[in-house]
Amino acid sequence: MKQELLRSPHVMLGAALLVSSLGGLGACQKAEEEAAPAPEPAAVAPGRCIYTSPFTQAEECRDYTGKGWSAETAEADCKALANSTFTKAEACAYPKTLGRCVLDGGKDDEYSIVFPGEDAAQCASTQRGCELFGGGKFLPDACEGVIDEPGNPDPEGSVFQWPTQVCVDPKAGEPAGENGGKVCTFGAISGCTEPGRAFTDYASCEPVLTQRPYWPAPPSDFKTPDDDPRLSDPQWLGELAWVTEQVEACGCVCCHSEKAAPAEGPSNWYIEAGPIWTDSFYPTGLALAAGWVSSAALGAYPPDENNGFSRDVAGLPTTDPARMVAFFEGELLRRGFKKEDFASETPFGGPLYEQSLYVPSDCDAGQGVDAAGKITWTGGDARYVYILSADAKNPGAPPNLDLPEGTLWRLDVPWSAAPVKSGITYGEILPNTKQGHPAEGSPEKLVPGTKYYLYVWADVGIPITRCLFNVPL
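Note that the structure is predicted; figures quoted are calculated from it, not measured.

J.: What's the story with the overall build of the protein chain in this structure? I'm lost.
T.: When helices and strands are counted, the protein chain shows 12 helices and 16 strands. With 473 residues in all, the protein chain has 45% of them scored as buried. Taking contacts inside the protein chain between residues at least 6 apart in sequence as the whole, the part at least 24 apart equals 61%. Of the roughly 24,200 Å² that the protein chain leaves accessible, carbon and sulfur atoms contribute 54%.

Written out as structure tokens, the structure is:
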């Protein structure tokens with residue numbers, strides 16, 4: 001904070017006025033000043049990118065602060081963002097900002113996301129999104145003093161809680177469940193209870209809200225005209241009722257229902273909006289639901305483990321993908337959109353999608369596994385430590401992407417326990433931890449001289465070390 005104050009133009013101007021009022025400097029000091037080399041010109045930013053956040057549907061601005069960026073590479077990065085505008089040689093500038101999120105700090109590809117506004121109610125969720133889900137460092141502006149400790153958000157409710165399946169008796173008046181009379185439901189954002197039942201009756205939203213970034217966000221301002229024939233079409237209204245029932249059965253309601261979402265309100269679209277609640281979707285959200293834009297990076301259960309619900313075709317979990325796709329394609333078409341309008345849209349998933357594309361390089365000093373099996377990494381304490389084959393895909397979101405083929409060993413730290421420090425031993429299960437893979441027995445031995453992939457998460461979706469190492473001979 002002191003450095004920022006000293007660099008403030010107001011403080012620099014005050015210092016100059018103070019020197020002038022003292023009547024100048026001594027002749028010797030003046031000569032030294034005149035002989036001093038001219039200061040180097042300030043670095044010019046390659047540009048700024050203003051775009052719409054895929055999570056909050058609010059405006060954000062990206063500053064390309066790493067020395068590796070050029071105007072050309074920054075512009076290319078910007079074009080991959082939704083509703084983006086790139087301006088060369090300018091930095092993000094707003095009258096008021098909540099703060100900025102610095103990602104890949106100190107690296108050539110460092111960049112910052114600037115959040116305009118001054119609503120203190122958004123500070124906690126903005127910091128959580130930056131640090132716990134984005135893996136960045138939040139530097140507050142209007143949020144200064146509102147969050148307790150910049151760079152160390154309150155962990156309550158924010159550490160990823162792994163989905164568990166709960167089997168309970170059906171509610172009074174409802175039919176027997178399909179699992180020996182019980183109703184079994186995974187407490188996950190992609191989990192669903194049995195069709196025709198409500199997710200919130202059979203699972204809690206508390207763990208679900210730790211599994212995906214949540215922000216209260218305004219709905220789309222699109223509104224169906226009062227004289228639209230759909231409002232009096234029994235067949236179309238029946239399809240809308242079926243889609244509503246499908247959504248109510250799944251963990252989506254934890255963020256997209258006024259009844260289930262946190263007190264700050266639902267995130268963008270919500271099932272109580274009327275008279276046609278799908279009006280609350282933005283076009284990109286409709287494209288996700290229709291399967292026009294991939295959301296595979298968000299993870300999904302296979303239907304035989306999820307009460308018949310799948311997400312492999314439609315973007316929303318459903319027991320009838322073709323029917324769900326047809327409904328949302330109709331919603332897009334009535335707004336004038338075609339599938340090709342989204343051909344260049346980046347797949348959904350934000351950092352999860354970006355992490356899937358990561359290409360690892362060799363480990364730096366202080367990273368890897370030594371001859372005795374000691375694992376060391378940098379970046380802080382960890383909740384998940386992977387050793388994978390060198391050609392394995394990057395780990396992604398559970399329940400189906402977190403154990404890619406080629407995983408040799410994974411150590412898991414439950415959300416309720418303290419994370420582990422660098423220096424653990426390959427294959428050793430520490431107190432308050434468990435072996436995430438293999439399910440039983442010891443992992444296969446590492447072969448000296450062979451290259452492997454070390455992948456370490458501070459929490460699910462927050463990598464701190466990703467690199468290739470050779471086991472010493």
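J.: What exactly am I supposed to notice about the sheet that holds strand S3 (residues 85-88) here?
T.: In a beta sheet, neighbouring strands are held together by backbone hydrogen bonds and run either parallel or antiparallel to one another. With antiparallel pairing, six strands are arranged side by side in an open sheet as S3-S1-S2-S5-S4-S6. Of all strands in the sheet, those with a lone pairing partner are S3 and strand S6 (137-140), marking the two edges. Strand after strand, the sheet turns through a mean of 20 degrees between neighbouring axes, direction not considered. In this structure, strand S4 (residues 97-103) lies alongside strand S5 (residues 111-116), joined through six bridges in antiparallel fashion. Of the residues in S5, the one forming a bridge with Leu-103 is Tyr-111. Helix H4 (residues 71-79) contacts strand S1 (47-52), strand S2 (59-63) and S3 of the sheet and is inclined by roughly 165 degrees relative to S3.

J.: For this particular structure, what's the right way to read the packing of helix H8 (residues 234-248) against helix H11 (residues 321-334)?
T.: Each pair of packed helices gets described by two things: the angle between the helix axes and the distance between those axes. Packing of H8 against H11 leaves a shortest axis separation of 11 Å and a crossing angle of 120 degrees. By the angle between their directions, the pair H8 and H11 is classed as oblique. Crossing angle aside, the handedness with which H8 passes H11 is left-handed. Between H8, through Trp-236, Glu-239, Leu-240, Trp-242, Val-243 and Gln-246, and H11, the contact on the second element is made entirely by Arg-323, Met-324, Phe-327, Phe-328 and Glu-331. Here the residues of the contact of H8 with H11 are counted per class, giving seven nonpolar, one polar and three charged.

J.: Teacher, can you tell me more about the confidence of the model for the protein chain here?
T.: Detailed reading of the predicted coordinates is not advisable wherever pLDDT is low. With 87% of its residues at a pLDDT of at least 70, the protein chain reaches an overall mean of 87. Counting interchain partners and residues more than four positions distant, the pLDDT-below-50 stretch residues 1-36 has eight contacts. Contacts from residues 149-157, a stretch scored under 50 in pLDDT, to residues over four places away or in other chains number 13 contacts.

J.: Can you walk me through the nonpolar core in this structure?
T.: A general trend in soluble globular proteins is that nonpolar side chains are found buried together. Counting residues in each nonpolar core, the largest one holds 41 residues, and the members touching the most others are Val-243, Val-247, Trp-269, Trp-277, Phe-281, Leu-316 and Phe-328. Every element with two or more residues in this core is listed here: helix H7 (205-208), H8, helix H9 (253-256), helix H10 (283-290) and H11. In this structure Phe-328 touches Val-243, Thr-278, Phe-281, Leu-286, Ala-289, Ala-290 and Leu-316, once residues within four positions along its chain are discounted.

J.: Can you help me understand the state of the cysteines in this one?
T.: Disulfide: a covalent bond formed between the sulfur atoms of two cysteine residues. Taken as a whole and assessed by the stated rule, the structure comprises eight disulfides. There is a disulfide in this structure between Cys-61 and Cys-92, and the S-S distance comes to 2.0 Å. Negative torsions about the S-S bond denote left-handed disulfides, and the value of about -85 degrees found for Cys-61 with Cys-92 makes this one left-handed. Separated by 31 residues along the polypeptide, Cys-61 in strand S2 and Cys-92 in the loop between S3 and S4 bring together distant segments of the chain. You'll find Cys-61 and Cys-92 in the same group, each marked buried. Looking at Cys-252, it has no disulfide partner, and the nearest cysteine sulfur is the one in Cys-250, 5.7 Å off. Not engaged in a disulfide, the cysteine Cys-255 finds its nearest cysteine sulfur in Cys-254; these two sulfurs lie 6.6 Å apart.

J.: Any chance you could explain the side chain of Ser-280 here in plain terms?
T.: Here Ser-280 shows up in the loop between H9 and H10. Here Ser-280 is in contact with Pro-219, Ser-220, Asn-268, Trp-269, Tyr-270 and Ala-273, once residues within four sequence places are set aside.

J.: How should the side chain of Thr-97 be read in this particular structure?
T.: Tracing the sequence through the fold places Thr-97 in strand S4. Residue contacts for Thr-97: discarding those within four places in its chain leaves Val-114, Phe-115, Pro-116, Gly-117, Asp-141 and Ala-142.

J.: I keep staring at the packing of aromatic side chains and nothing clicks. Help me out?
T.: Geometry of an aromatic ring pair is reported as the spacing of the ring centres plus the angle between the planes. With the rule as written, the count across this model stands at 21 aromatic pairs. For the ring pair Phe-115 and Phe-138, a centre distance of 6.3 Å and an interplane angle of 50 degrees mean the geometry is tilted. Placement of the pair is Phe-115 in strand S5 and Phe-138 in strand S6, with a sequence separation of 23 residues. Here the two residues Phe-115 and Phe-138 agree in accessibility, since each one is buried. One aromatic cluster is present, built from ring pairs that chain together Phe-160, Trp-162, Tyr-384, Tyr-386, Tyr-453, Tyr-455 and Trp-457. When the ring centre of Phe-222 is taken as reference, the NZ or CZ atom of Arg-335 above it lies at 4.1 Å. Of note, Arg-466 hangs over the ring of Tyr-358, and the distance from its end group to the ring centre comes to 3.7 Å.

The rules we used
Residues numbered from 1 in each chain as written. Predicted model: local features only at pLDDT ≥ 70, side-chain atom pairs only at ≥ 80, totals over all residues. Heavy atoms only, no water. Helix = DSSP H or I, 4+ residues; strand = E, 2+ residues; numbered from the N terminus. Buried < 20%, exposed > 50% of the residue type's maximum accessible area, 1.4 Å probe, protein only. Contact = heavy atoms within 4.5 Å. Areas by Shrake-Rupley, 256 points an atom, 1.4 Å probe, with all protein chains shown as cover. Pairing = 2+ DSSP bridges. Axes fitted to C-alpha atoms, helices over the stretch in contact; angles between N-to-C directions. Parallel < 35°, antiparallel > 145°, perpendicular 65-115°, else oblique. Left-handed = near helix turned anticlockwise from the far one by under 90°. Nonpolar A, V, L, I, M, F, W, Y, C, P; charged D, E, K, R; others polar. pLDDT = per-residue confidence, 0-100. Core = buried A, V, L, I, M, F, W, Y, C linked by side-chain atoms within 4.5 Å. Disulfide = S-S within 2.5 Å. Phe/Tyr/Trp six-rings, centres within 6.5 Å; stacked < 30°, edge-to-face > 60°. Lys NZ or Arg CZ within 6 Å of the ring centre and 35° of its normal.

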